[in-house]
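# Summary of structural features
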Amino acid sequence: MQNGNIGIFDSGIGGVTVLKEIIKLLPNENYIYYSDSINNPYGDKSDQEIKNICDKIVLHLINKNAKVIVIACNTASAKAVSFLRKKYPNMIFIAIEPAYKMVHDYNYSEPTLIMATKGTIESEKFNLLLKKYNNHNTYILACKGLADLIESDNKLEIKKYLNEHLNKYKNKIKNVVLGCTHYPLIENDIKEILGPVKFFNGSPNLAKHLKDILETNNLLNNGEGNIIFLDSSNSKNKEKRFYELLKK
Ligand code: DGL
């Protein structure tokens, strides 16, 4: 039975890394993925700009019959989820955040690097997370500009960027928290520089949480399930890349 769809959004195609994990657990759902590529990157925008942007997307997804909305962007989650929960008290929001708690749970004292956007790292939400789970062996790297390079699939520039910013951590780091949903797409490039690190990504746990919420609220879909892709700049290239990444 169709009882509404799962709305999911990011500043571009990065959130596909979240959707992939969700589909593994919930293959029978109907999804509307909103790629806000016209506003990419979110990482350098002010809190108010992010709130306004997210507000418009959420309204759009609600009008398309969303039963739950997944914020597949760490920056948007950090800056706008409290505002959205207050403004739309009847909507269920599931928000990604950097998986630093997982490091605490599994590898407490090992040297850890958290990579995220400037916006995420400067946010109050992230700083509370850091304070709560601090292993006092953690380096924080605000990767200004990296999500844009991944968004535009600029392979050469990505390698150059990582070389420039990650070389100083070579062989020093055991855990890397991928605090931006675009970053799992470049895990291999990161490993090439840092060596054999373990990655921490919040998407598998988010997917489990979403499944629990749908079950508890009796919102599971029994039909076949489909995916609709929308992009704010109407880019056919984005759509093509999105489906390619989804299949990988
Ligand atoms: N994928 C995003 C995140 O998780 C955002 C990147 C950006 O637009 O700066 O933070």
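Preceding block: the structure.
What counts, and at which threshold
Residues numbered from 1 in each chain as written. Predicted model: local features only at pLDDT ≥ 70, side-chain atom pairs only at ≥ 80, totals over all residues. Heavy atoms only, no water. Helix = DSSP H or I, 4+ residues; strand = E, 2+ residues; numbered from the N terminus. Buried < 20%, exposed > 50% of the residue type's maximum accessible area, 1.4 Å probe, protein only. Contact = heavy atoms within 4.5 Å. Near = heavy atom within 4 Å. Polar contact = N/O pair within 3.5 Å; in protein donor to acceptor, adjacent residues only side chain to side chain. Areas by Shrake-Rupley, 256 points an atom, 1.4 Å probe, with all protein chains shown as cover. Nonpolar A, V, L, I, M, F, W, Y, C, P; charged D, E, K, R; others polar. Pairing = 2+ DSSP bridges. Axes fitted to C-alpha atoms, helices over the stretch in contact; angles between N-to-C directions. Parallel < 35°, antiparallel > 145°, perpendicular 65-115°, else oblique. Left-handed = near helix turned anticlockwise from the far one by under 90°. Salt bridge = Lys/Arg side-chain N within 4 Å of Asp/Glu carboxyl O. Expected span 1.5 Å × (residues − 1).

## Points about the overall build of the protein
Of regular secondary structure, the protein possesses 11 helices and nine strands. In terms of overall dimensions, the protein has C-alpha extents of about 50 × 40 × 35 Å along its principal axes. Taking all 248 residues of the protein together, 53% fall into the buried category. Here the analysis covers contacts within the protein between residues at least 6 apart in sequence; of these, 78% occur between residues at least 24 apart.

## Here we look at the site of the ligand
Within the structure, the ligand sits among 14 residues, and Ser11, Tyr42, Gly43, Asn74 and Thr75 are positioned closest to it. Take asparagine 74: an N or O atom from its main chain is 2.8 Å from an oxygen atom of the ligand. In the complex, the protein chains occlude 99% of the 300 Å² of accessible area that the ligand would expose alone. Broken down by class, the residue content of the shell around the ligand amounts to five nonpolar, eight polar and one charged.

## A short note on the environment of valine 16
Within the secondary structure layout, valine 16 lies in helix α1 (residues 16–25). Looking at valine 16, the relative accessible area reads 1%, which means it is buried. For the pair valine 16 and leucine 246, spaced 230 residues apart in sequence, the C-alpha to C-alpha distance is 6.5 Å. Ignoring any residue separated from it by four or fewer positions in sequence, one finds valine 16 in contact with Tyr33, Phe242, Leu245 and Leu246.

## Details of the sheet that holds strand β5 (residues 112–116)
Read across the open sheet, the four strands follow the order β6-β5-β7-β8; overall the sheet is parallel. Of all the strands in the sheet, just β6 (138–142) and β8 (198–200) have a single pairing partner and so form its edges. Strand-to-strand twist in this sheet, taken as the mean axis angle between neighbours without regard to direction, amounts to 20 degrees. By the bridge criterion, four bridges tie β5 to strand β7 (residues 175–178) in an arrangement that is parallel. For isoleucine 114, the partnering residue across the bridge sits in β7 and is valine 177.

## What about the side chain of threonine 181?
By the secondary structure assignment, threonine 181 is in the loop between β7 and α9 (187–194). Take threonine 181: its relative accessible area is 4%, and that puts it in the buried class. Of note is the side chain of threonine 181, whose polar atom sits 2.9 Å from the backbone oxygen of alanine 72. In contact with threonine 181, not counting residues within four places along its chain, are Asp10, Gly14, Gly15, Thr17, Val18, Ala72, Cys73, Asn74 and Ile96.

## Quick look at the packing of helix α8 (residues 155–166) against α9
Direction vectors running N to C along α8 and α9 enclose 40 degrees, while the axes themselves pass 10 Å from each other. On the basis of the axis angle, α8 is oblique to α9. Viewed along their axes, α8 and α9 form a crossing whose handedness is right-handed. Counted together, Lys159, Leu162, Asn163 and Leu166 of α8 and Asp189, Ile190, Glu192, Ile193 and Leu194 of α9 form the full contact between these two elements.

## Focus on the pattern of salt bridges
In total, this model carries 17 salt bridges according to the counting rule given. Linking aspartate 153 and arginine 241 is a salt bridge whose minimum nitrogen-to-oxygen distance equals 3.5 Å. Of this pair, aspartate 153 sits in the loop between α7 (146–151) and α8 while arginine 241 sits in helix α11 (residues 236–247), placing them 88 residues apart in sequence. Residue arginine 241 is classed as buried on the basis of its relative accessible area of 17%. Glutamate 244 serves as the salt-bridge partner of lysine 240, at 3.5 Å between the closest nitrogen and oxygen. Of this pair, lysine 240 and glutamate 244 both sit in helix α11, four residues apart, which is roughly one turn of that helix.

## As for helix α2 (residues 47–63)
Compared with an ideal rise of 1.5 Å per residue, which puts 17 residues at 24 Å, α2 spans 24 Å between its outermost C-alpha atoms and is within 8% of the ideal. Taken as a whole, α2 has its buried residues at Ile50, Ile53, Cys54, Asp55, Ile57, Val58 and Leu61. Those residues of α2 hidden inside the fold are in contact with β1 (5–10), β2 (31–35), β3 (66–71), α3 (74–87) and β4 (92–95). Just downstream of α2, asparagine 65 is the residue with a positive phi angle, here 75 degrees.

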